[in-house]
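Given next are the chains, with one letter for each unit.
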Amino acid sequence: MSNLPLAELAALGAAICWTFTAILAAPGVHHFGAVAFNRYRVVFAATVLIVITSVMGLWSSMTDNAVIALIGSSLVGIVVGDTALMQALKRIGPRRNSVLFATSAPMAAGMGFLWLGETLSTNLLIGCGLILAGVVNAVWWGRKASGEHRLEKISGHLGLGILLGLTAAFGQAAGAVMAKPVLLAGADPIAASAIRVGFAAVVLLLVRLLPFAWAKANAKPTVTFVLRTMSSATLGLVLGMTLVVYALGAGEVGIVMTLSAITPVLILPVVWFITGQRPSLGSWLGAGLVVIGSSVLFLSH
């Protein structure tokens, strides 16, 4: 086990979780509204993580300085980043949203280089470059021109959707870089996730009190949408977030964020299955580049 690239495997696991999260979340953001849906999923995930951390007695790994840093990471990465992510998902759909979110990888690599003093070898840079090229290919040719499923439709202004997606990516990258020193200092990944998600839940509950229509839910919960919200929260924030937090503590920010950003490629067969529309040859070329790039990263470990 000691020879396995656990950080990289955890990052890939997070990407898989976020792939299904995007599909599960898409109907919810239209039903409840992006802000309300994000509030529901964050509050549920925070409850689960706090219970797990308390039962396992993991709070002792936290220091006052660690808590402050994780609160900052939560504010940028979850409160701002996740809310923007849900807003973008509502406007441009899960596949386009996931490619924009993938830009968190080069953002995080640059921040890690500037703020954390991390370096990337030639092989690692090649691997990251191949993955990013694959991501762009997968999205650019991610669907055929004939017909457009509801998961592919653009709702509202495309430019605003792109801006929100890039904001989400920046929040994810900055939040990851802010959390990295805490994890290096020995903080438990589950406890760190509990603090990040728990603080975000408090902020989003306070936002609910604002006298603005966008802060409220557009519709009442139904059994179907409650189950979707709980599933999305469990996969994306409980499991996926904990995996990426663990990966950040064990690996370099740029590599972890690049591997966790391959969701646009993983989402292709899922969207194909749901919509019945087979992705084009170019999209599979993108998937191949991602596989090769991931292999380079693993071999460089």
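In what follows, the structure referred to is the one given above.
Residues numbered from 1 in each chain as written. Predicted model: local features only at pLDDT ≥ 70, side-chain atom pairs only at ≥ 80, totals over all residues. Heavy atoms only, no water.

**Student:** Which parts of the structure should I look at to understand the pattern of salt bridges?
**Tutor:** Once the charged atoms of two side chains with opposite charge are near each other, the side chains can pair. Applying the stated rule across the entire model yields one salt bridge. We note a salt bridge from arginine 41 to aspartate 82, for which the minimum N-O separation is 2.9 Å. One end of the pair, arginine 41, is in helix 2 (residues 34-56); the other, aspartate 82, is in helix 3 (residues 64-101), and 41 residues separate them in sequence. The same class applies to arginine 41 as to aspartate 82, namely buried. (Salt bridge = Lys/Arg side-chain N within 4 Å of Asp/Glu carboxyl O. Helix = DSSP H or I, 4+ residues; strand = E, 2+ residues; numbered from the N terminus. Buried < 20%, exposed > 50% of the residue type's maximum accessible area, 1.4 Å probe, protein only.)

**Student:** So what exactly am I meant to see when it comes to the environment of serine 260 here?
**Tutor:** Within the secondary structure layout, serine 260 lies in the loop between helix 9 (253-259) and helix 10 (263-275). A relative accessible area of 3% means that serine 260 is categorised as buried. When the C-alpha positions of serine 260 and methionine 62 are compared, they lie 25 Å apart, and in sequence the two are 198 residues distant. With residues up to four places along the chain from it excluded, the contact list for serine 260 reads Ala11, Ala15, Trp18 and Val244. (Contact = heavy atoms within 4.5 Å.)

**Student:** I'm lost on the packing of helix 4 (residues 104-115) against helix 6 (residues 158-184) in this one. Help?
**Tutor:** Packed helices, taken two at a time, are described by the angle their axes make and the gap between the axes. Between helix 4 and helix 6, the shortest axis-to-axis distance is 8 Å and the interhelical angle comes to 35°. The chirality of how helix 4 crosses helix 6 is right-handed. Residues Ser104, Met107, Ala108, Met111, Gly112 and Trp115 of helix 4 touch helix 6, and the partners they reach there are Leu166, Ala169, Phe170, Gln172, Ala173, Ala174 and Val177. (Axes fitted to C-alpha atoms, helices over the stretch in contact; angles between N-to-C directions. Left-handed = near helix turned anticlockwise from the far one by under 90°.)

**Student:** What is the right way to look at a nonpolar patch on the surface in this model?
**Tutor:** A cluster of nonpolar residues, Val223, Val226, Leu227 and Met230, forms a patch on the protein surface that exposes about 340 Å² of accessible area. Tracing the backbone shows leucine 227 in helix 8 (residues 223-250). (Patch = residues over 30% accessible without salt bridge, like charges linked within 9 Å, V, L, I, M, F, W, Y side chains within 5 Å. Areas by Shrake-Rupley, 256 points an atom, 1.4 Å probe, with all protein chains shown as cover.)

**Student:** Looking at this model, I keep getting lost on the packing of aromatic side chains. Mind explaining?
**Tutor:** Centre-to-centre distance and the angle between the planes together describe a pair of aromatic rings. Counted by the stated rule, this structure contains three aromatic pairs. Between phenylalanine 32 and tyrosine 40, the aromatic rings sit 5.0 Å apart at their centres with planes inclined by 85°, giving edge-to-face as the arrangement. Residue phenylalanine 32 is classed as buried on the basis of its relative accessible area of 1%. For tyrosine 40, a relative accessible area of 30% corresponds to the partly exposed category. Arranged with centres 5.6 Å apart and planes meeting at 5°, the rings of phenylalanine 212 and tryptophan 214 form a pair that is stacked. You can call phenylalanine 212 partly exposed: its relative accessible area is 41%. Taking the relative accessible area as the measure of exposure, tryptophan 214 reaches 48% and is therefore partly exposed. (Phe/Tyr/Trp six-rings, centres within 6.5 Å; stacked < 30°, edge-to-face > 60°.)

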